Amino acid sequence: MATGLHSDAVIRDEQFEAGFIESVGQNTNVFNDASNGAIQLTSLAQRGFYAKRRFFDRLSTIISRRDLTSTAAGTGIKPTMDEIVAVKLFRNAGPVDYTEGMFRTMAGLDLDEFSFELGQQVGMFAVKDYVNAAIRSATAFLSGETANVHTATTGGLTFAALNQGAGKLGDARPRIAAWVMHSDKLTDLVNDGLTQYKVENVAGDFAIMGSPEVAMGKPVIITDDASLVITNGVTTGEDAYITLGLVAGGVMVNESEELRVAQYFLDRTQITRRFHGEHAFNVEVKGAAWDTANGGTNPTDATVAISTNWDAVVADKRDKAGVYIKTS
């Protein structure tokens, strides 16, 4: 006699995956393109706790004047090699528990629809997590790079503050691909003279400002991420805000372990199922190496946000992720 098994009625993997791919794909394309590549989201399997990429630092004196009247021995230039280190962050999706009775009382909803809905939610919040981790990491690293920091704690965010911040890169200021700012600072910028702008909502938590009038011809990524706010950072009761000017490739987020999903029954008085997923991604900041000794493996959000856990591995400020602007 044939017997129905629990494997005949679990959440459909293919339905969950479709929802996840749809949600992540749409938002990834928005940030890669609309940010001018300042924050790049990719997908490439990577083993271990870190991803390391070796490089030769800039040889700033490689070109020099040739003296036609001299045959003296030349002085050799020593190439220096270092490595960019991206840290891997491990994430859970769920677990989500639900009873079969829930579906019997929700007219018109079946397991396929519920699976797709879960996939979309996981995709949306995964992208939010990717971007928050990227901003948190870039903010932490740049806050410790004095040559890339501009402080104007009074008067809020103005075009003058953006201009002075961009000036920290000297003749490389055109490399700034996008600005990242808190919505409160956009209000300051609007009050400073903005009259026309365009908003595109992304994942319900982010917006891309595409009008050239907004920030000197650069797109603006707006998010109220906590890493952009320093509580009592100006005086007691007055917060400071951080605005980032990121260059192309300023932050790279790579989905290094694809989402793996398990569905199984729990021992309950009602027929209860559990959905549980796991995945991981690496965060890389341009010009920086994650300090594996101080920061360790699989760091918490708070640990990622500590500036001393990100070490500069390039000497020239123009080769780093961008600029850090602190205002009231």
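Figured I'd write up the structure that's included with this text. (Residues numbered from 1 in each chain as written. Predicted model: local features only at pLDDT ≥ 70, side-chain atom pairs only at ≥ 80, totals over all residues. Heavy atoms only, no water.)

### Describing the nonpolar core
Then comes step 1: Residues Ile 39, Leu 244, Leu 246 and Trp 310 are the most contacted members of the largest nonpolar core, which totals 51 residues.
Then comes step 2: Ranked by the residues each element gives to this core, the list is headed by helix H3 (residues 111–143), at 14 residues.
Then comes step 3: Ignoring anything within four residues of it in the chain, the contact list for Trp 310 reads Val 85, Val 87, Ser 137, Ala 140, Phe 141, Val 283, Val 285, Ala 288, Ala 289, Trp 290 and Val 304.
Then comes step 4: Leu 157, Leu 186, Ala 215 and Val 247 belong to the second largest nonpolar core, which has 17 residues in total. (Core = buried A, V, L, I, M, F, W, Y, C linked by side-chain atoms within 4.5 Å. Buried < 20%, exposed > 50% of the residue type's maximum accessible area, 1.4 Å probe, protein only. Helix = DSSP H or I, 4+ residues; strand = E, 2+ residues; numbered from the N terminus. Contact = heavy atoms within 4.5 Å.)

### Some details on the environment of Gly 119
Then comes step 1: Mapped onto the elements of the fold, Gly 119 is located in helix H3.
Then comes step 2: Sequence separation of Gly 119 and Gly 19 is 100 residues, and the distance between their C-alpha atoms is 4.3 Å.
Then comes step 3: Non-local contacts of Gly 119, meaning those with residues more than four positions away in its chain, are made with Phe 16, Gly 19 and Phe 20.

### Considerations on the pattern of salt bridges
For side chains bearing opposite charge, pairing can occur when the charged atoms are close.
Then comes step 1: Under the counting rule described, the total for this entry stands at 15 salt bridges.
Then comes step 2: With a closest N to O distance of 3.3 Å, Asp 301 and Arg 91 form a salt bridge. Remark: Arg 91 occurs in strand S3 (residues 81–99) and Asp 301 occurs in helix H6 (residues 301–304); sequence separation between them is 210 residues.
Then comes step 3: Take Arg 91: its relative accessible area is 17%, and that puts it in the buried class.
Then comes step 4: Between Arg 260 and Glu 278 there is a salt bridge, with the nearest N and O atoms lying 3.6 Å from each other. One end of the pair, Arg 260, is in strand S11 (residues 251–266); the other, Glu 278, is in strand S12 (residues 272–285), and 18 residues separate them in sequence.
Then comes step 5: Judged by relative accessible area, Arg 260 falls into the partly exposed class, the value being 42%.
Then comes step 6: What you see here is one network of salt bridges that share partners, running through Arg 91, Asp 129, Arg 136, Asp 225 and Asp 301. (Salt bridge = Lys/Arg side-chain N within 4 Å of Asp/Glu carboxyl O.)

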